[in-house]
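Okay, here's what each chain looks like letter by letter:
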Amino acid sequence: MAVAWFLSFLVICNSLHSCAVSASVSTRPISVNIGCAFSLNSTIGKVVKIAIDAATEDINSSPRVLRGTLLKLRVQEDTKASRFQAVIETMKLMESEAVAVIGAETATTAHVVSHIANELNVPLLSVSATDPTMSPLQYPFFVLTAQSDLFQMAAIAAILNHYKWREVIAIYSDDDDGRNSITTLGEKVAEDYGKITYRAALKPDASEDDITSMLIQVRSEASRVIVVHVPIAFGSLVFDVAQVLNMTGNGYVWIATSWLSTLLDTENRLPIETHDKFLGVLTLRMHSQDSNLKRAFVSRWRNLSSSEGSHDLPGLNVYGLYAYDTVWLVARALDAFFKDGGNITFTKYEKLYKRVERFSSFRALKFFDGGKLLLKKIEQTNMTGITGPLSFTSDRFLLNPAFEVLNAVGNGYRRIGYWSNYSGLSIVPPEALHQKEANITVSSQQLSTVIWPGDTKETPLGWVFPSGGREFVFGVPNRVYYRELLSRIDESKMFIGFCVDVFRAALNLLPYPVSYKLEPFGDGKTNPSPTDLVRQVRADVYDGAIGDIAITTARTTMADFTQPFIQSGIAFVAPIRKLSPSMWSFLRPFTPQMWGVSASFFLFVGAVIWVLEHRVNDQFRGPPKKQVVTTLWFIFSTLFTAQKEKVLSTLGRFVVIVWLLVVFIINNSYTASLSSILTAEKLSYRWRVNATDGSLRIGYQRGSFLRHYMTDEYRIDKKLLVPLNSLEEIDKAFADGPENGGISAYVDERPYVELFLSTRCYLTIIDEDFTTFGWGFVSLINPNYAIIMICAF
């Protein structure tokens, strides 16, 4: 009986286990639909379609990926590059109960379809909609599985900064992707004090005439550094027209975004003239690590593309690599989704139906119940694909973004380096640098030699004087005093002075004419602050500034300076007073203490000589009075080396030798001090006194950087610094003295001090401190303007 009960228990347990297993297996459906929304005739779409098909086949052939569940690929009808049709076809894919859609080929499509994906909870994954404004906060169900243009624009900005190009022209398509990416480029360039000087926007349906008109305007600009961010179909036409306009030769710099590398990778049979027009162009390509997986996929690509039955086989571009990994990303996320108990179920979205009840075509759209869980698993996936490690940051960007920098030459291109947000520009693959400490410094940024347009290795200057002859505007300080350096003629815009003479002499050395005008800066009542003038240059009020502008660290962060045209420094000035000689002037060289010490030494040495000599030397014998007189006379006469008494003892002679040396020093010191007193003047004040002493009041030129320098470097209380507006105020302040609200010393730059002292004999320089690099002319941090002032130096 017990055996029967035991067997019954085993049967029941086995049944329960079978039911549990069946329940677990039932959560994994036989198949799952995913959508592919790309234009099959586009350069990107035809490659992505082959890659997605290959990934789907590889996943379905491996039972360990989805454990019995098959991926079914739903492909949209060809949209023939129509963005409206692309939106409609993507919506149809969502009607097919696709758990995820790989598509949104352009940013315009992505912006529209992402709103639908948000409503239906269907993850939308894209490898080509790289618009940097596609934020997961606004589009939570949009997932970019390639590198964002945020990083591509940062890479271009790094290239511009590497070659010291501060001005750039941007040619872009006037759509979501073009506008947003170029705005990002402008922000990145501005971080290195550069700017986009001209934005050439092209209509999405621009004709060849439109492009010609645009490039003629670009040619009239000063900058010769041009960034082209357009769709692939536009890019080739832009360079066709540029070649006709002779804009692809020496002096030009063309930087194309990833559309050019995609075109060169995909189109295997570009004509020779096409390669000629791209010669010397720099372009970028999303970086994918070299690995066995990647090499295996590249080797089988020809067979994969041949299976499509097309005679014009596309080459493998980087979007195909990322598309292949994207399908695997979805598959691994689905596997984790099923393991976490997720079910593939769709329900009617009543909220949506109420909104679109008048449009029956939308009623087939359904809400994916497990969409949030699947999105979470996609974000958490950490895998290694043919592009390398694939995982997301908290901002849902791919981890460790990197780009390859390519140089178009011959019938293809050559790689000249890499860019990554970890190490900047380098000639070493980014993954090798991730094992080292991050080092993004100017000295660490490297690129290999570039073949520039015109088939030259000499780095272009990046600018020319515009054909329109734009007039440069330079700000000039409207000085009130020290007018020998710079002064305005009446109320005109004409200036004279040493600084203007140097500027004009520099222009005369240039091999080309420069059109410019000078604008006064300041109210003419007080000397303007040079720092404020530099800020005006930084704010584009002036193209540059000339004048007595000291080169300081703070100012170099705001603008660029020429080489110094005059050496500068800081000098301290104080009054001097003449000491009239008197009948007692001969006592001034020594203080009373010194006179007393000298007399004591005289007596002491005399006593020593008497002790050593009076027993063996008859001249030091006799009555006590005679011995005292002889000893004192002997010591006194040594001052003039006129002693007649002989010293017989050895010790006595040694003492006399030492004493004569001391006497020699005393005599020379006395003579030098007395000469100085009788012929020179003495400073009434001494520098380096206690800076907190209220009696030490120091004047300085109002608006000068010296106020901050004195407080920061010398730790002098601001209350002790007196701003002065004119030479008359300086004279009056010295005359009043610190006791009456005046000053005890004056500090200014050395050139000013030399001019000031040239007519004032009652003052002298008491100390100097070379802390500045000199005076220089200012330009916006841009060689386009600085060159007219720098090259002559």
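You'll find the structure just up there.
First, a word on scope: everything that follows refers to the structure included in this document. Residue indices begin from 1 for each chain and proceed along its sequence in written order. Where totals are concerned, whole chains, interfaces and linings use all residues; where local detail is concerned, this predicted model gives features only for residues with pLDDT of at least 70, and gives and counts side-chain atom pairs only at 80 or more. The side-chain numbers reported here are obtained from all heavy atoms of the structure, hydrogens and water having been left aside.

Burial status follows relative accessibility: with a 1.4 Å probe on protein chains alone, a residue under 20% of its type maximum counts as buried, one over 50% as exposed, and anything between as partly exposed. Strands are runs of DSSP state E lasting at least two residues, helices are runs of H or I lasting at least four, and both sets are numbered from the N terminus onward. With six of six residues buried, strand β3 (residues 98-103) lies mostly within the body of the structure. When DSSP locates at least two bridges between a pair of strands, those strands are taken to pair. Of the pairings in the sheet, the one linking strand β1 (residues 31-37) to β3 comprises five bridges and is parallel in character. Paired with Gly 35 across the two strands is Val 101, which belongs to β3. Relative to strand β4 (residues 124-126), β3 runs parallel, the two sharing two bridges. Looking at the pairing, Ile 102 lines up with Leu 125 of β4. The parallel pair β3 and β4, bridged by helix α5 (residues 107-120), forms a crossover whose chirality is right-handed. For crossovers, right-handed means that the path from the first strand over the helix to the second runs clockwise, given strands pointing away from the viewer.

So, on to the sheet that holds strand β21 (residues 516-521). Hydrogen bonds between backbone atoms are what pair the strands of a sheet, whose relative direction is either parallel or antiparallel. In spatial order, the strands read β21-β18-β22-β30-β23; together these five strands make up an open sheet with mixed pairing. Lying at the two open borders of the sheet, with one neighbouring strand each, are β21 and β23 (560-561).

Moving on: the sheet that holds strand β15 (residues 402-409). In space, the eight strands of this open sheet follow the order β7-β6-β8-β9-β10-β15-β16-β17, with mixed pairing throughout. Since the sheet does not close on itself, it has two edges, and those belong to β7 (195-202) and β17 (424-426), each with one partner. Between one strand axis and the next, the sheet turns by 25° as a mean value, whatever way the strands run. In this structure, strand β6 (residues 167-173) lies alongside strand β8 (residues 225-229), joined through four bridges in parallel fashion. Paired with Tyr 172 across the two strands is His 229, which belongs to β8. The sheet strands contacting helix α6 (residues 149-162) are β6, β8, β9 (253-256), β10 (282-286), β15, β16 (412-420) and β17, and the helix crosses β10 at an angle near 145°. Packed on one face of the sheet, helix α7 (residues 176-191) meets β6, β7 and β8 and runs near 175° to β7. Helix axes are fitted only over the stretch in contact, all axes being lines through C-alpha atoms; the angle between N-to-C directions runs from 0 to 180 degrees. Working rule for contacts: check all heavy atoms of both residues, and any pair within 4.5 Å makes them a contact.

With that out of the way, let us pick up α6. For α6, with 14 residues, the first-to-last C-alpha span of 19 Å sits near the 20 Å given by 1.5 Å per residue. Within α6, eleven of the 14 residues are buried, which leaves it mostly tucked inside the rest of the structure. Among the residues of α6, those classed as buried are Asp 149, Phe 151, Gln 152, Met 153, Ala 154, Ala 155, Ile 156, Ala 157, Ala 158, Ile 159 and Leu 160. N or O atoms closer than or at 3.5 Å make up a polar contact, with two conditions inside protein: a donor-capable atom paired with an acceptor-capable one, and, for residues adjacent in sequence, both atoms drawn from side chains. The backbone nitrogen of Leu 150 has a side-chain oxygen 3.1 Å away, supplied by the residue at the start of α6, namely Ser 148. Multiplying one less than the number of residues by 1.5 Å gives the expected span of a helix.

This brings us to the packing of aromatic side chains. Pairing of aromatic rings covers Phe, Tyr and the six-membered ring of Trp, with a centre-to-centre limit of 6.5 Å; geometry is then stacked below 30 degrees between planes, edge-to-face above 60, and tilted otherwise. One pass over the structure, following the stated rule, counts 25 aromatic pairs. Where Phe 151 meets Phe 397, the ring centres are 5.2 Å apart and the plane angle is 80°; that geometry is what we call edge-to-face. On the criterion of sequence distance, the pair formed by Phe 151 in helix α6 and Phe 397 in the loop between β14 (388-390) and β15 is long-range, its members being 246 residues apart. Classification of Phe 397 as partly exposed rests on a relative accessible area of 22%. Taking the centre distance of 4.9 Å and the plane angle of 25° together, the rings of Tyr 163 and Trp 165 count as stacked. When sorted by exposure, Tyr 163 lands in the same class as Trp 165, which is buried. Among the aromatic side chains, those forming a connected cluster through ring pairs are Phe 472, Phe 474, Phe 498, Phe 503, Tyr 516, Phe 565 and Phe 777.

Shape descriptors only; they carry no functional weight alone.
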